[in-house]
Amino acid sequence: RSVNVFAPATVANVVCGYDVLGFAVNAPGDEVIMRLRDEPGVIITKISGDEGRLPYDPAKNTVSLSVQHYLNHIGRPDVGVEIELFKKMPIGSGLGSSSASTVAGLFAINTLMDSPLSKMELVPFAMKGEEMACGYGHADNVAPALLGGFVLVRSYEPLDIIKLPYPEELFCSIVFPQIDVPTRDARQIIRSKILLKDAVVQWGNVAGLVAGLYTKDIDLIARSMKDVIVEPVRSILIPDFYKLREIAMENGALSFGISGSGPSVFTFTRNEDDARIINEKLQKHFLWLDTESIAYRSPI
Ligand code: HSE
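Predicted model only: the values in this text are computed from it and were never measured.

### Here we look at the overall build of the protein
So, step 1. A count of helical and extended segments in the protein gives ten helices and ten strands.
So, step 2. Computed over C-alpha atoms, the radius of gyration of the protein comes to 19 Å, within 12% of the 19 Å expected from 2.2 N^0.38 for 300 residues, which places it in the range of a compact globule.
So, step 3. With respect to the three principal axes, the spread of C-alpha positions in the protein is 60 × 40 × 35 Å.
So, step 4. Relative to its 300 residues, the protein shows a buried fraction of 46%.
So, step 5. Intrachain contacts of the protein at a sequence separation of at least 6 include 73% that bridge at least 24 residues.

This is the structure in structure tokens:
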């Protein structure tokens, strides 16, 4: 028996919600083909699209590792599976690349086991993969990759994840400057202490964004897309970040910010045409970096 599973790219943080907000996009995404085999153990037989960067060793690969955790948890360590992994998005891009693969793997094994766990119950297993990939098991990529749409991680201990509504007409465009920013490094440069006055601005914006999503108030969403804590530090990793913001905003973007830990940047727009135009302009500015434009429909 075999299954073929797709899991989408995700935009984590959504500017003001470091580690607590994320949403899925319709493309790109990773794919996993998983087959049951006779001997116990999780093995990886193929990885494509990773430029040779991902390990085949089942103890070191986030997909096999989280699948093994899952099998142990449901009391089926006797089960054997083989995994083929098709990376369809760049690693270290800020698009939740490791999350998409891990989530596809977990959904695949859960399906092969006749779905004993709900998608929500799979989240902690996917977080194990994130912990391995970047040192901390944050959920703002894996939860939207599993659940779709917009997601709020209200609390990590205990885990409390809430799906949020969103306006149908909201579009997202993403541009990936083809440089590598490992999430592990991008997390280390953030200050661990923040000023109360910055916290006040930040939680006002997070609350505003969530209120805007619930009331489908696009202007409120746009006003709330500000980050005074993480972006000022991480933007130094992204060439010409503030120039790119200017270009996006001049061309009708509702907002502009870093996708996850970068280097990808994303905008919200009111329609698909604006998303496309902004992507073209951003890419033109960035020709020397050989950008890749990644589209669009947000969220799924
Ligand atoms: N919330 C995480 C971070 C997302 O910003 O480090 C990583 O993609």
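### Topic: the pairing of strand β6 (residues 159-164)
So, step 1. One ladder, built from six bridges, connects strand β5 (residues 150-156) with β6; its direction is antiparallel. For Ser155, the partnering residue across the bridge sits in β6 and is Asp160.

### Focus: the site of the ligand
So, step 1. Taken together, 14 residues are adjacent to the ligand, and Ala12, Asp19, Thr183, Gly260 and Ser261 come closest.
So, step 2. Considering every element that reaches the shell around the ligand, the biggest residue donor is helix α5 (residues 183-188), with three residues.
So, step 3. Residues of the shell around the ligand, tallied by class, amount to three nonpolar, eight polar and three charged.

### Quick look at the nonpolar core
So, step 1. Counting residues in each nonpolar core, the largest one holds 76 residues, and the members touching the most others are Val103, Leu106, Val123, Ala126, Val142, Ala143 and Leu146.
So, step 2. Element by element, the count of residues in this core is highest for helix α2 (residues 97-112), at seven residues.
So, step 3. Once you skip the residues sitting within four places of it in the chain, Leu106 turns out to touch Ser66, Val67, Tyr70, Leu122, Phe125 and Ala126.

### Some points on the UniProt feature "binding site: ATP" (unreviewed entry) in the protein
So, step 1. As annotated in UniProt, the feature "binding site: ATP" (unreviewed entry) corresponds to Pro90, Ile91, Gly92, Ser93, Gly94, Leu95, Gly96, Ser97, Ser98, Ser99 and Ala100 in the numbering used here.
So, step 2. With respect to the helices and strands, Leu95 occurs in the loop between β4 (80-86) and α2.
So, step 3. If near-sequence neighbours (up to four positions away) are discounted, Leu95 is found in contact with Ala9, Thr10, Met89, Ile174, Ser259, Gly260 and Ser264.
So, step 4. Inspection of the secondary structure puts Ser97 in helix α2.
So, step 5. For Ser97, a count of 26 C-beta atoms within 10 Å translates into the label buried.
So, step 6. Non-local contacts of Ser97, meaning those with residues more than four positions away in its chain, are made with Met89, Pro90 and Ile91.

What counts, and at which threshold
- Residues numbered from 1 in each chain as written.
- Predicted model: local features only at pLDDT ≥ 70, side-chain atom pairs only at ≥ 80, totals over all residues.
- Helix = DSSP H or I, 4+ residues; strand = E, 2+ residues; numbered from the N terminus.
- Rg over C-alpha atoms; globule rule 2.2 N^0.38 Å.
- Buried ≥ 20, exposed ≤ 12 C-beta atoms within 10 Å, placed from the backbone.
- Contact = placed C-beta atoms within 7 Å.
- Pairing = 2+ DSSP bridges.
- Near = placed C-beta within 6 Å.
- Nonpolar A, V, L, I, M, F, W, Y, C, P; charged D, E, K, R; others polar.
- Core = buried A, V, L, I, M, F, W, Y, C linked by C-beta atoms within 7 Å.
- UniProt positions renumbered as here; feature names shortened; annotations may be inferred.

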